[in-house]
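Below are the chains, spelled out letter by letter.
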Amino acid sequence: TEAIGLYNLGQSCCLNSLLQVFLMNIRFTRILRRITVPSAPEKRKNSVPYQMLLLLEKMQCGKCKAVGPIELACCLSEHRVPLFVQHDAAQLFLTLWNLLKKQMKKPELVKELSDLYLICIQEHLTCQKCSFEVKNNSTMLTLPLPVLDANSQRLKTLEDCLQYFFHPEELTGQDMCFCQQCERKTTFLQRMRLVHLPETLTLHLKRFCFEKSSRTYKLCHSLPFPQELHLSELLTGDQCQADDSEKATWHYELFAVVAHSGSSRRGHYCAYIRSLTECKWYCFNDSEVCQVSWDDVKCTYGHSSLYWRETAYLLIYMKKHPQ
């Protein structure tokens, strides 16, 4: 059916963009349609998955160009998600996902939701004095990619950002770790290795930086990203902790871009999403939805001298299966 917009309820552009990214993902809506509907009216009112399902059904009626996510917004407010304020898309994405996971009662749906979105990383910490090593496995919803290196030099492409994220880092000075073998704080070498990647991979470009004065500013320089991403070819063996069968699935195609225009204090979000049924790109700008080209999406690469221009903030890739 025709793509449907969401009315802005008052600084709800961030929420609207993320909802469109969730609901345009067929793999997510397959999970959403199988939730257990709460029996009591009050529980239905406060269930984020149920309210999201109601919104999806309202949008799929296709009777108007846009609908208002009022009930879902009120539901989120009950869970201490503030309304009528400027949100950070990466933080709000994590909040929404945690609420969905917490309120999906069926264990098999929680597992499917985790398989769809969660990234598994192994952190290696090695003492530079005695070679004592610590390994920690962790999961994350988004891969937070710096857009500047340690010398504050701009990284030029998304591939550079990924390589830099997995590059070994020496922890010295205030960052030193306590070594159990040396029984004191020593210099450690930190390595991050990929263990598992989900069906839907979300990359967070860290364009908002903090100065010592606690002021936040936005990095707007150009950062191209590809339509297809081959992570098994991009990362070296030292950067992966996965077997060949796992790495063979690390071929991704761009599904959505959550873009931010404006400054760190005052801005606006919209979403560029590729329809999985039509293979066409659409721009979801609150209640306005229009078909766009790949050249339009590339305009979100950024530009150093145009601070109010849209810049990609979240990149959402999907595994590209042979079939």
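Residues numbered from 1 in each chain as written. Predicted model: local features only at pLDDT ≥ 70, side-chain atom pairs only at ≥ 80, totals over all residues. Heavy atoms only, no water.

### Things to note about the domain arrangement of the protein
We note that the domain assignment places domain 1 (1-118) and domain 2 (142-165 + 199-322) within the protein. Measuring from the centre of the C-alpha atoms in domain 1 to the corresponding centre in domain 2 gives 22 Å. Between domain 1 and domain 2, the contact holds 29 residues from the first and 33 residues from the second. Of the roughly 2300 Å² buried at the junction of domain 1 and domain 2 (both faces included), carbon and sulfur atoms supply 62%. Linking domain 1 with domain 2 are two salt bridges, by the criterion used here. R27 is paired through a salt bridge with E199; the nearest N and O atoms lie 3.2 Å apart. Where the side of domain 1 that touches domain 2 is concerned, the elements lending two or more residues are β1 (5-6), α1 (13-23), α2 (26-32), α6 (89-103) and α7 (107-117). Considering each element in turn, the side of domain 1 that touches domain 2 owes the most residues, seven residues, to α1. Looking at the side of domain 1 that touches domain 2 residue by residue, the class counts come to 16 nonpolar, nine polar and four charged. (Domains from an automatic or database assignment. Contact = heavy atoms within 4.5 Å. Buried area = accessible area lost by both parts, 1.4 Å probe. Salt bridge = Lys/Arg side-chain N within 4 Å of Asp/Glu carboxyl O. Helix = DSSP H or I, 4+ residues; strand = E, 2+ residues; numbered from the N terminus. Nonpolar A, V, L, I, M, F, W, Y, C, P; charged D, E, K, R; others polar.)

### Section: empty space enclosed by the protein
Throughout the structure, instances matching the rule amount to one cavity of 30 Å³ or more. Roughly 40 Å³ of internal volume is contained in the largest cavity. Together, L18, V21, F22, F93, T202, L314 and I316 line the largest cavity. Going through the elements one at a time, α1 and β18 (311-319) are the ones with two or more residues in the lining of the largest cavity. Tallied by class, residues from the lining of the largest cavity come to six nonpolar, one polar and no charged. A domain split of the lining of the largest cavity shows at least three residues from each of domain 1 (1-118) and domain 2 (142-165 + 199-322). (1 Å grid on protein atoms, 1.4 Å probe; cavity = no way out; pocket = protein on both sides within 12 Å on 5 of 7 lines; lining within 4 Å. Points joined across faces, edges and corners; volume = space filled by probe spheres on them.)

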